[in-house]
Structures are given as C-alpha cells and as structure tokens.
Amino acid sequence: MLQAIHSPTGRNISCKNWETEALFRLLLNSLDPRVAENSEELIVYGGKGKAARNKRSLEVIIRELQQLDEDHTLLIQSGKPVAVFRTFPFSPRVLSSTAMVVPKWANDDYFNMLEKKGLTMYGQATAASWAYIGVQGVLQATFETMSEIANRHFAGTLKGKLVVTSGLGGMGSAQPLSVKMNGGVCIIVEMDEAKIKKRLVNNYCDMKVHSLDQALKLAYEAMSMGRPLAIALQGNAADIYCEMVDKGVTPHIVTDQTAVHDLLNGYIPSGLTLDQASFLRNKKPEKYLEMAAETVIAHVKAMCKLQERGAIVFDYGNNIRGQANKAGFERAFTFPGFISEYLRPLYCEGRGPCRWIALSGDPGDIYKLDEAVLSTFRSDERICRWIKFVQEKIYFYGLPARTCWLDYNERRQIGELINNMVASGELSAPVAITRDHSEGSTMAAPTRETEGLLDGSDAVSDWPILNALMNASNGAAMVSIQHGGGVGIGNSIHSGMTAVADGSLAALKKLSNLLTIDPGLNIIRHADAGYLKANQKVHELGLKKPL
Ligand code: NAD
C-alpha cells in the first residue's frame, strides 16, 4: 500500500539514472498532500485533474520507473502504465497520452461513462504530465494578466481598485496575490472553508469573511488608503455576483476561477452546502447538472450586467462563458477571454511559462538560480521584478521550484546556465525544466489560448501535436499529449514536456534544442495566423518558416 506521498530529496537516487529519477520525483511531488488539492484521490488540481488513473496504476508506474533502463521508454495511457519498449538513450523515458477520445465522442457524458468504466482519466494540463508545482505555477501568468489590465486601464497600478473573483483552488489561488502584487484589493469568493484556511496559512489571502457587506466594508477601507488586501469571502460565487448586481455594487474588475469547466465535479450549484452538493452529485447527477446549469446562467448574467455597468470583465480560462452558453444563455460570450485580450501579445514574442524544479529538494539551489537569472537577465526589468517579488512572497512547499516567463533566447540561455551549474557542482543535484501547457502553440483551445485568432484557425489542433512530436524527437525526458485541460472535454488539445539538466554534455545538447521548440513554434504558429509582431520575430530570430 502507498504511504503518504512525498518526493525523495537529496543526491541518492532509487531509479537507474537522473532522467528517470527526475520524473519519479516530479510525479510524487505533484501528489504530495502539500502540493495536490486531494492527494488521497490522486487529484492534483483543476476539478478532477489526476496524475495517475488509480492507486494500483500509481504503484506500478513507480515500480516501472525504478526499473527503467536508460534505453527503455514507459508508455502511460490516461494514467495507466501500459507498456515498456526498448528505444534509445536519447529517446524520452516516458510518453503519455491522456483523456484522448475520437472527436465525435468527445463530450462530457461519453467521457464520464468511459471514466466510470475505468478506461480513461481526466488529466487537466500539468497533472497528467507530472509538472504541477502548486499555485506558483500559474502565479506569473495571473500576475502578467493583472499587470496588463493595470497598464491598459489604470495607469500601471491597481492601487485603490477592487477586483472581485472566485475559486481558491490550485490555480485560482494565484488571483488574490497577483492583485496585491499590482497594488489592488481583491475579494475572492469560495464555498469551501478548508480551501480558505489553506490559503490563509500560505499567505495567499489575508482574512476571511462571511458576507458581502463585511467584505465590501474592509475592501473600501483598504482602497481609500491605497493598501493592497486579499479578502476571502465564504459563499457561492453566483449568489454573491447576483447580490452585487442587486445592491448596485460595481467592482473595477470581475472574473471567476471556479472549476466550472466541469459542472458536475468542479462547480457548486446555488442553494447547496458542500455536503449536500457531494451527496447530490453521487446520488442524482442529472439533478445536480440541472441546478449547476441554472447557477452558471445566473452567474454569467450577473457578470454581463456588471460589464454593462462599467466593470472590466473577462473569462479566466475556465470556460464559464461556454458552459453558460451551452446551458442556454445566448449572450454569454459578451465578455472576452483573458488570453485573446491580455496574453496573446506575449505569445507572439515567443514568451511563455518556463519552470525549473530543484530535484535536490534544497531551496538553496533555487536561490542560487535566482541570483544567476537576475545577473544574466539584469537588463530585463520584467524578469528581475518578478524574481525579486517571488523571492519575498512565495515560500516553497514540496520540491522547491521557480516559474518565469522567458522568450526564445532567454530559454536557450537558461537551459545552458542550469546545466552548467549542475555540472560545476554549484547546485546540489540535477534540475528538471518543464512548463505549463498554456504556451500558445502547445494548447489549441478555441475559448482560451486560440480564441479569436486573426485567421480563424482557433480549432485547428495540429500545433500541440507537432510540438509534442518535436519534443519527443529532441530527447525530452517526458512528453505528453492531453485533451480537455483548463476548459474541459471537447474544448482543448494540448501537450507537455519535461527535460532534465543533469550536468552532462548529452543534456546540454538536448536542452539547447528542446528549450527553443516551445517559443519557436509559438512564434511560428502566431505568424502563420497572421500576427505582424510574430512575423517580425520570425525574421529577427532567423527562424525558418518555409510558407
Ligand atoms: P480547483 O478544482 O482546484 O478549485 C476550484 C475551486 O472553486 C474549489 O476550491 C471550489 O470549492 C470552488 N468552487 C466551485 N464552485 C464554486 C461556487 N459556485 N462558488 C464558489 N466557489 C466554488 O480548480 P483550479 O485548479 O483552481 O482551476 C480553476 C479553473 O481554472 C478550472 O476550470 C481550470 O481548468 C481553470 N484554469 C485556469 C488557468 C488560468 O491560467 N487561468 C490555468 C489552468 C486552469
């Protein structure tokens, strides 16, 4: 039987080489109770995003990783280890495909039936690719979004501004801290008291209240003094948003990050306590879905009303507009998605979310890397501001890690830098380098990453597959393709990759290719869709784009 799950740390390894050891440690780290949202159920984050199909699969994956030779590759089919093949030392050690279904059958009902039969699993994005590092993983994207809003609408700061949002889950918790990082005040609505407590302990929120009136009183006080504040409000998001409409309250910014992409498992209908929701979900799922559909319509109608009154409103990547639209609210797409509105310009530059994880478990390794990053990229104000901020605000749980949005040249540099520091012994053990799936070319999602593309290619999902094939051909330690992350089944196809800097020459060669594939393809995908900035980058970097 599995004991409480924690990644091993230090220099001694139980797998046959560091590449496999890295994947073994990342898998266990993503399931560590301090990192995962529900370790017992193998749920990492994002509704029911899992790292392994079930406990038996997890045990066998661990056993196989520990036995895997340097010329073998383990295949994972939706969280279940299904084969080990002889390959090459240069090949990936793990290849994984999760939640893939033939498009005609790619809907919640069919998927849930397959899942119930034990034939598949939902893997979100970084859950099934074992690259989850807790809230920090999405913090910079959330920070960048809030900064972009501040720059565009509020002269560069959210000081004295009110943001109302919801969902203090694995991803959603990045919101209050990101608002504070930009000087603003955040009221975040969450049903689950346990989640609120967790975020209070980890400093993602400052206080908890039980009513909108209490929350507003505290928010207005802080706003009038220009003081950043994060208030967790226990309640149902849809109810609170409707209450704001009724009371004539219009925040400056309104969004939502409940796990509404999965109405049955990630979203709580109005009128139910958590226990009642859990009971109804199991006993009468049809009734639950009916209530959730009514709630999401009210929720999105309230968001549209707040937008009419002048609030900046956007979908924060959870498909809330799609769910309300499907439930019958035709005007659900009145407000935009956060990527098309705020992050696409960064994708056109090839900037995206890179992360590195100290396999030693020693925070000192990350701090040394912080210093190296600050010195190497000292002229990049954005990177320096970010590293200094997270050094001060984020403390580690699970394996220490850092995330940082880097562009094409910066990513090549960081790979070389890390590998050299491992080789020279400056770092106490190898480092895993991985990323979110939300990279531009690595996720096709017509209501998120690829919403409203200039050439209308929103639903074309060749790009993430090409990305995965390229990463596998260039020796990533793990490559995964997945379906449904972020926005739910039928709504996205995406890919993940993990590389390992073990200090060897082979790792250096792999990294210099691997770390340019994501940003390079990101630029090319956007150039192909007609973005001028991306086309300029193609020329500037000398990328080859034959047509
Ligand atoms: P999670 O499952 O860890 O947390 C969701 C939270 O929402 C839970 O704490 C739950 O109690 C709360 N909740 C559900 N219904 C509620 C309601 N009606 N009122 C108040 N609280 C309610 O999910 P997560 O990992 O935080 O992800 C949230 C959503 O964001 C998901 O849909 C996910 O796919 C999406 N996502 C967004 C990004 C991004 O960059 N914006 C990235 C990845 C995922």
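About the thresholds
- Residues numbered from 1 in each chain as written.
- Predicted model: local features only at pLDDT ≥ 70, side-chain atom pairs only at ≥ 80, totals over all residues.
- Heavy atoms only, no water.
- UniProt positions renumbered as here; feature names shortened; annotations may be inferred.
- Salt bridge = Lys/Arg side-chain N within 4 Å of Asp/Glu carboxyl O.
- Buried < 20%, exposed > 50% of the residue type's maximum accessible area, 1.4 Å probe, protein only.
- Helix = DSSP H or I, 4+ residues; strand = E, 2+ residues; numbered from the N terminus.
- Pairing = 2+ DSSP bridges.
- Near = heavy atom within 4 Å.
- Polar contact = N/O pair within 3.5 Å; in protein donor to acceptor, adjacent residues only side chain to side chain.
- Areas by Shrake-Rupley, 256 points an atom, 1.4 Å probe, with all protein chains shown as cover.
- Nonpolar A, V, L, I, M, F, W, Y, C, P; charged D, E, K, R; others polar.
- Axes fitted to C-alpha atoms, helices over the stretch in contact; angles between N-to-C directions.
- Parallel < 35°, antiparallel > 145°, perpendicular 65-115°, else oblique.
- Left-handed = near helix turned anticlockwise from the far one by under 90°.
- Contact = heavy atoms within 4.5 Å.
- Phe/Tyr/Trp six-rings, centres within 6.5 Å; stacked < 30°, edge-to-face > 60°.
- Lys NZ or Arg CZ within 6 Å of the ring centre and 35° of its normal.
- Expected span 1.5 Å × (residues − 1).
- Arc of directions from axis to C-beta.
- Disulfide = S-S within 2.5 Å.

Naming follows an unreviewed UniProt entry, where the protein appears as Urocanate hydratase of Cytobacillus citreus. UniProt, in its Subcellular location (unreviewed entry) section for the protein, records the words "Cytoplasm".

**Q** Looking at this structure, how should I read the pattern of salt bridges?
**A** For side chains bearing opposite charge, pairing can occur when the charged atoms are close. For the structure shown, the criterion picks out 38 salt bridges. For the salt bridge of arginine 63 with glutamate 64, the shortest nitrogen-to-oxygen distance reads 3.0 Å. Given a relative accessible area of 16%, glutamate 64 falls into the buried group. Each of Glu349, Arg351, Asp380, Asp407, Glu410 and Lys533 takes part in one network of salt bridges that share partners.

**Q** Looking at this structure, I do not really get the pairing of strand β16 (residues 478-483). What am I missing?
**A** Put simply, side chains in a regular strand alternate between the two faces of the sheet. Counting buried positions along β16 yields 5 of 6 residues, so the element is predominantly enclosed. Bridging between strand β5 (residues 94-98) and β16 involves 5 bridges; their strand directions are parallel. Bridged to leucine 95 within β16 is valine 479. Pairing analysis gives 6 bridges linking β16 to strand β17 (residues 493-501), with the strands arranged antiparallel. In the strand pairing of β17, histidine 483 is matched with isoleucine 493.

**Q** Which parts of the structure should I look at to understand the site of the ligand?
**A** Among the 32 residues in the neighbourhood of the ligand, the closest are listed as Gly47, Gln124, Glu190, His261 and Gly486. Take glycine 172: an N or O atom from its main chain is 3.0 Å from an oxygen atom of the ligand. Here histidine 261 contributes a side-chain N or O atom positioned 2.6 Å from an oxygen atom of the ligand. Taken by itself the ligand offers 870 Å² of open surface, and the protein chains cover 95% of this. Looking at the shell around the ligand, its residues break down into 11 nonpolar, 16 polar and 5 charged.

**Q** What am I meant to see in the packing of helix α1 (residues 18-31) against helix α2 (residues 55-67) here?
**A** Helix-helix packing is characterised by the crossing angle of the two axes and by the distance between the axes. Contact geometry of α1 with α2 gives a least axis separation of 9 Å together with a crossing angle of 155 degrees. For the element pair α1 / α2, the angle class is roughly antiparallel. Crossing of α1 over α2 shows left-handed handedness. Residues Thr20, Leu23, Phe24, Leu27, Leu28 and Leu31 of α1 lie in contact with α2, whose contacting residues are Leu58, Ile61, Ile62, Leu65 and Gln66. The class makeup of the residues in the contact of α1 with α2 is 9 nonpolar, 2 polar and no charged.

**Q** Would you mind showing me how to read the packing of aromatic side chains here?
**A** Here a ring pair, both rings aromatic, is described through the centre-centre distance and the interplanar angle of the planes. Evaluated as defined, the whole model comprises 9 aromatic pairs. Considering the side-chain rings of phenylalanine 143 and tryptophan 386, the 5.7 Å spacing of their centres and the 35 degrees angle between planes classify their relative orientation as tilted. One end of the pair, phenylalanine 143, is in helix α4 (residues 136-153); the other, tryptophan 386, is in helix α14 (residues 381-393), and 243 residues separate them in sequence. Each of the two residues, phenylalanine 143 as well as tryptophan 386, counts as buried. An angle of 45 degrees between the planes, with centres 5.7 Å apart, marks the rings of tyrosine 367 and phenylalanine 396 as tilted. Here tyrosine 367 is found in helix α13 (residues 363-376), whereas its partner phenylalanine 396 is found in the loop between α14 and β13 (401-406), with 29 residues between them in sequence. An aromatic cluster of at least three residues, connected via ring pairs, comprises Phe314, Tyr316, Phe338 and Tyr342. Positioned above the aromatic ring of phenylalanine 90 is the side chain of lysine 510, whose terminal nitrogen or guanidinium carbon lies 5.4 Å from the ring centre.

**Q** It is not clear to me how the UniProt feature "domain: Urocanase N-terminal" (unreviewed entry) in the protein should be interpreted in this structure. Could you clarify?
**A** When the UniProt feature table is mapped onto this chain, "domain: Urocanase N-terminal" (unreviewed entry) is found at residues 6-130. Helix makes up 29% of residues 6-130 and strand makes up 18%, while its end C-alpha atoms are separated by 13 Å.

**Q** Mind showing me how you'd approach helix α7 (residues 212-225) here?
**A** At 3.6 residues per turn, the α-helix brings residues three or four places apart onto the same side. With 14 residues, α7 extends 20 Å from end C-alpha to end C-alpha; this agrees with the ideal 20 Å at 1.5 Å per step. Among the residues making up α7, those that are buried are Leu212, Ala215, Leu216, Ala219, Ala222 and Met223. The arc that holds every buried residue of α7, seen down its axis, measures 135 degrees, which confines them to one face. Opposite the packed face of α7, turned more than 90 degrees from it, sit the exposed residues Lys217, Ser224 and Met225.

**Q** Whenever I open this one, the state of the cysteines confuses me. Can you help?
**A** One covalent bond between the sulfur atoms of two cysteine residues makes up a disulfide. As enumerated under the stated definition, the model contains 0 disulfides in all. We note that cysteine 186 lacks a disulfide partner, and the nearest cysteine sulfur, in cysteine 205, lies 7.2 Å from it. The exposure class of cysteine 186 is buried, given its relative accessible area of 0%. The exposure class of cysteine 205 is buried, given its relative accessible area of 3%.

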